[in-house]
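# Tertiary structure, described
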Amino acid sequence: MTPIIIIGAGMAGLACARKLADAGMAPVVLDKGRGIGGRVATRRSGDLQFDHGAQYVNAHGAGFSSVLAALEKAGTLAGWPDGTGRTHSVGVPGMSALPKALGAGLDIRQNAQVLRLVPDAGGWLLHLADGTLRAASVVVTVPAPQVAALMGADHPLVARLGAVQIAPCLTLMAAVAGRAPFITRKDTDDPLAWIAQDSAKPGRPQKHGALWVAQASEAFSAAHLEDDPTMLTACMLPLLCDRLSISAATVTHASTHRWRYARVTQPLGQSFLCSDDGSLYLGGD
Ligand SMILES: Cc1cc2nc3c(=O)[nH]c(=O)nc-3n(C[C@H](O)[C@H](O)[C@H](O)COP(=O)(O)OP(=O)(O)OC[C@H]3O[C@@H](n4cnc5c(N)ncnc54)[C@H](O)[C@@H]3O)c2cc1C
């Protein structure tokens, strides 16, 4: 039996695994994805790259501040002036550098989707597509609305997660030849609530003109969540061209990504939940 299994190699799962490893334990991290980092991600398409998930990180506590300071010292993180007088921390050469650094040396198993998590004698049984694993303790860090599918909606801890709301976000990625009128633009009333010149971040390749990431507003994302990707790109691209005052003829690449669960709009109000016997933790944003 594995002593501790963490489900999810996003920032929460990696932070938990790192703490446990630093305390001398040997957690196993399972993630359904091909890469690690979850929503802190960098999409690569040929020579192009876009931070299509989290745009930057800011620390609000001493613990995360010291993690970011160490990453900055190692060159994994750098300051990005956003053109509005503020500077944010971004991964170099992409946001995915951050989870990669946090995960270095940990036992992380990718392409390992947990389908079901059930109590078992003295611990937990994890059902995966290619078999089962047993663990004495499990930490679940998948987005809150996805926990019920793992454990059943009637589990008492899952019921407490019911109040957590996570809004979707549709993201457009575009490469544009020619002028770049700004670095970032934020307007929560605009269907494109956030537009960032991704290629203006430090350490990005400079071969392809300006690379843009545009995030749709909560309202637009909810209304278009089930749109076909081609239709969605056709719908969002003219909005970006308008906001940049450019012709569609200057666009050399455009694609979209659907984040069904992007940002927490109604948090739980506490960092994590724990079962009475201490063998199950539910965490994440
Ligand atoms: C478009 C967008 C923009 C954002 N912008 C910012 C920003 O600028 N700054 C900021 O601080 N935050 C931002 N956020 C939010 C931030 O990315 C998240 O709060 C944070 O990354 C959540 O980390 P997590 O570990 O809790 O969850 P996740 O990153 O979602 O990690 C969960 C992991 O679990 C895995 N998983 C899920 N189900 C299973 C399963 N059944 N079996 C195995 N593995 C599974 C997933 O593959 C994933 O890797 C943004 C998010 C999005 C989507």
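Along each chain, residue indices are assigned from 1 in the same order as the chain's sequence is written. Reporting in this predicted model follows two pLDDT cut-offs: at least 70 for local features of residues, and 80 or more for side-chain atom pairs to be given and counted; totals over whole chains, interfaces and linings ignore these cut-offs and use all residues. Water and hydrogen atoms play no part in the side-chain values, which are based on all heavy atoms of the structure.

The name given to the chain in an unreviewed UniProt entry is Amine oxidase domain-containing protein, with Pseudorhodobacter antarcticus as the source organism.

Attention now goes to the layout of surface pockets. The way it works is a 1 Å grid over only the protein atoms, where trapped points that fit a 1.4 Å probe form a cavity and open points with protein on both sides within 12 Å along at least five of seven lines form a pocket, and then any residue with an atom within 4 Å of a point lines it. Grid points are joined across faces, edges and corners, and a volume is the space filled by probe spheres set on the points. The calculated volume of the second largest pocket comes to roughly 180 Å³. Here the lining of the second largest pocket is composed, by residue class, of 13 nonpolar, four polar and one charged. For this classification, Asp, Glu, Lys and Arg are treated as charged, while Ala, Val, Leu, Ile, Met, Phe, Trp, Tyr, Cys and Pro are nonpolar and the rest, including Gly, are polar.

Another point: the pairing of strand 1 (residues 2-7). Exposure classes here rest on a 1.4 Å probe applied to the protein chains alone. A residue is buried below 20% of its type maximum, exposed above 50%, and partly exposed in between. Secondary structure is summarised from DSSP: a helix means a run of H or I of at least four residues, a strand means a run of E of at least two, and numbering begins at the N terminus for each. Of all six residues that make up strand 1, five are buried, and the element is covered over most of its length. By definition, the crossover connecting two strands over a helix is right-handed if that path, from the first strand to the second, turns clockwise as seen with the strands pointing away from the viewer. Where the polypeptide runs from strand 1 across helix 1 (residues 11-22) and back to strand 2 (residues 28-30), its parallel neighbour, the crossover connection is right-handed.

The subject of this paragraph is the pattern of salt bridges. A pairing counts as a salt bridge when a side-chain nitrogen of Lys or Arg comes within 4 Å of a carboxyl oxygen of Asp or Glu. On inspection of all chains with the given rule, the structure shows twelve salt bridges. Close ionic contact of Arg260 with Glu226 constitutes a salt bridge, the shortest N to O distance being 3.1 Å. Of this pair, Arg260 sits in strand 15 (residues 251-266) while Glu226 is found in the loop between helix 6 (218-223) and helix 7 (229-244), placing the two residues 34 residues apart along the sequence. Linked by salt bridges that have partners in common, Asp51, Asp198, Lys201 and Arg204 make up one network.

For the rest of this paragraph, the subject is the sheet that holds strand 11 (residues 165-176). Either a parallel or an antiparallel arrangement is found when strands of a sheet pair, and the pairing is made through backbone hydrogen bonds. Strand order in this open sheet of five strands is 12-13-14-11-15, and the pairing throughout is antiparallel. In this open sheet, the two strands that pair with only one neighbour each are strand 12 (184-186) and strand 15. Each strand axis lies, on average, 20° off the axis of its neighbour in the sheet, ignoring direction. Strands are labelled as partners when DSSP assigns at least two bridges between them. Here strand 13 (residues 192-197) runs beside strand 14 (residues 210-216); their pairing, made up of five bridges, is antiparallel. For Trp194, the partnering residue across the bridge sits in strand 14 and is Gln215. An axis is simply a line fitted to the C-alpha atoms; with a helix, the fit covers only the stretch in contact. Between two such axes, the angle follows the N-to-C directions and lies from 0 to 180 degrees.

Moving on to the site of the ligand. For the ligand, the set of nearby residues contains 32 residues, the closest of which are Ala12, Asp31, Arg39, Tyr56 and Asp285. Polar contact criterion, stated in full: a pair of N or O atoms within 3.5 Å, where within protein one must be able to donate a hydrogen and the other to accept it, and residues adjacent in sequence count only if both atoms are side-chain atoms. The separation between an oxygen atom of the ligand and a polar main-chain atom of Gln55 is 3.1 Å. A distance of 2.9 Å separates a nitrogen atom of the ligand from a polar atom in the backbone of Val114. Expressed as a share of its isolated accessible area of 1000 Å², the protein-covered part of the ligand is 86%. Contributions of two or more residues to the shell around the ligand are made by helix 1 and strand 15. The element contributing the most residues to the shell around the ligand is strand 15, with three residues. Tallied by class, the residues present in the shell around the ligand amount to 16 nonpolar, eleven polar and five charged. Here the shell around the ligand gathers at least three residues from each of two domains, domain 1 (2-43 + 95-164 + 269-282) and domain 3 (165-265). The near set for a molecule or strand comprises every residue that places at least one heavy atom within 4 Å of it. Reported accessibility uses the Shrake-Rupley method at a 1.4 Å probe radius. Residues are deemed covered only where the shown protein chains occlude them. Residue ranges for the domains trace back to a domain assignment, done automatically or taken from a database.

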